[in-house]
Amino acid sequence: MSLLAKIAEIENEMARTQKNKATAHHLGLLKARLAKLRRELITPKGGSGGGTGEGFDVAKTGDARIGFVGFPSVGKSTLLSNLAGVYSEVAAYEFTTLTTVPGVIRYKGAKIQLLDLPGIIEGAKDGKGRGRQVIAVARTCNLILIVLDVLKPLGHKKLIEHELEGFGIRLNKKPPNIGFKKKDKGGINFTATCAQSELDSETVKSILSEYKIHNADITLRSDATADDLIDVVEGNRVYLPCIYVLNKIDQISIEELDVIYKIPHCVPISAHHRWNFDDLLERIWDYLQLVRIYTKPKGQLPDYTSPVVLPDGKTSVEDFCLKIHKNLIKEFKYALVWGSSVKHNPQKVGKDHVLEDEDVIQLVKK
């Protein structure tokens, strides 16, 4: 049997099985088996495989990377060429874009790379079309923009989310709060710090035995599902923020637009007429959570034109030094910081101090 046939068989069995306490155990096993087969699909066994396909591996430039994902002909290329001034071939037929087209915009001092990915079709996660390579590039982005046609949004939204989920991309979610640690001996040690609605020690053991793990510590710190546990065991999941961009709003009425504005994580735009781009850029900036740090040479005014941009969560003075040059940290003595992260202006700080957006820093070497 081929992988796809096996996957289809398991999915059929899951659809046939009723959900209740007696079958939870069995469903957990099926989910684990499905996750394993999916992983084999994404990374085929046996060495290097057939290469990645032409024009897909784009070098990462700038401070952040945004991927445009969507079905063919929803206006991804028009959006890219109007945002970044890059010419991505636009035509009124499907599958115009065949490889990844990169573009760069400068926004609030940060260089943001935009990738126009080819259209995803249904069944991309099973290797149809160019789907596998498209989603592999999407995994490396910091933010995903799902571009939808406003006239048929919800069906498409579900399908694209399903394709990305099948590839281990989780949209607008936090990683599950589950402690997982393999051991050499001692069996499976299962502790839950709060009431569990779905998982019990039997289900956990059966899921782990499917992965041939028989000795491990599992700690559940939140009400977790079988899928959460499988995500943690697989360990190759990417948690990305995502914005749904509803394109072609020039074709609907104002009343419909008001309804659309209430959907979470949604920005309605018209790529062709360039409507509402500023709102989209502002939303992108919020989701990327970048931190700008301005530098100040000794005895001069701060340079507000080109900030050093750090990703959220890596904003200590040490990270700042490494971003500029890796040898800088060896000569580092202390830094003077002005801004919201310190009590006094300027304040003398060490390399572990965490910087905030729009701080000004001056480094003092040994």
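Residues numbered from 1 in each chain as written. Predicted model: local features only at pLDDT ≥ 70, side-chain atom pairs only at ≥ 80, totals over all residues. Heavy atoms only, no water.

The name an unreviewed UniProt entry gives the protein chain is Developmentally-regulated GTP-binding protein 1, with Culter alburnus as the organism.

## Section: the overall build of the protein chain
So the rule is basically this: Helix and strand assignments follow DSSP, with helices taken as H or I runs no shorter than four residues and strands as E runs no shorter than two, numbered in order from the N terminus. Buried means the residue's accessible area, taken with a 1.4 Å probe over protein chains only, is under 20% of the maximum for its type, while exposed means over 50%, and partly exposed covers the values in between. In what follows, residue pairs with any heavy atoms lying within 4.5 Å of each other are defined as contacts.
A tally of regular secondary structure across the protein chain gives 10 helices and 16 strands. Buried positions account for 45% of the 366 residues belonging to the protein chain. Pairs at least 24 residues apart make up 65% of the contacts formed inside the protein chain by residues separated by at least 6 positions.

## Some details on the sheet that holds strand β13 (residues 303-311)
Defined as follows: For two strands to be treated as a pair, DSSP must find no fewer than two bridges joining them. Every angle, taken between N-to-C directions, lies between 0 and 180 degrees, and every axis is a line fitted to C-alpha atoms, over only the stretch in contact when it is a helix.
Read across the sheet, five strands follow the order β13-β12-β16-β14-β15 without closing on themselves; strand pairing throughout is mixed. The open sheet has two free edges, formed respectively by β13 and β15 (347-349), since each of these has just one partner strand. The mean inter-strand angle of the sheet, taken between neighbouring strand axes irrespective of direction, is 40°. Where strand β12 (residues 290-295) lies against β13, five bridges are found, and the strand directions are antiparallel. Paired with isoleucine 293 across the strands is valine 308, a residue of β13.

## What to know about the pairing of strand β7 (residues 188-192)
Heads up, the condition is: Convention used here: a crossover is right-handed provided that the path from the first strand, over the helix, to the second strand proceeds clockwise when the strands point away from the viewer.
By the bridge criterion, five bridges tie β7 to strand β8 (residues 216-220) in an arrangement that is parallel. In the strand pairing of β8, threonine 191 is matched with threonine 219. Handedness of the crossover joining β7 and β8 through helix α6 (residues 201-210): left-handed.

## Examining the pattern of salt bridges
Any two side chains of opposite charge can pair, given that their charged atoms come close. Quick reminder of the rule: The term salt bridge refers to a pairing of a side-chain nitrogen on Lys or Arg with a carboxyl oxygen on Asp or Glu at a separation within 4 Å.
Under the definition given, this model contains seven salt bridges. Here glutamate 282 makes a salt bridge to lysine 108, at a shortest N to O gap of 3.3 Å. Placement of the pair is glutamate 282 in helix α9 (residues 277-288) and lysine 108 in the loop between β2 (101-107) and β3 (110-116), with a sequence separation of 174 residues. Since its relative accessible area comes to 34%, lysine 108 is described here as partly exposed. Between lysine 183 and aspartate 217 there is a salt bridge, with the nearest N and O atoms lying 3.0 Å from each other.

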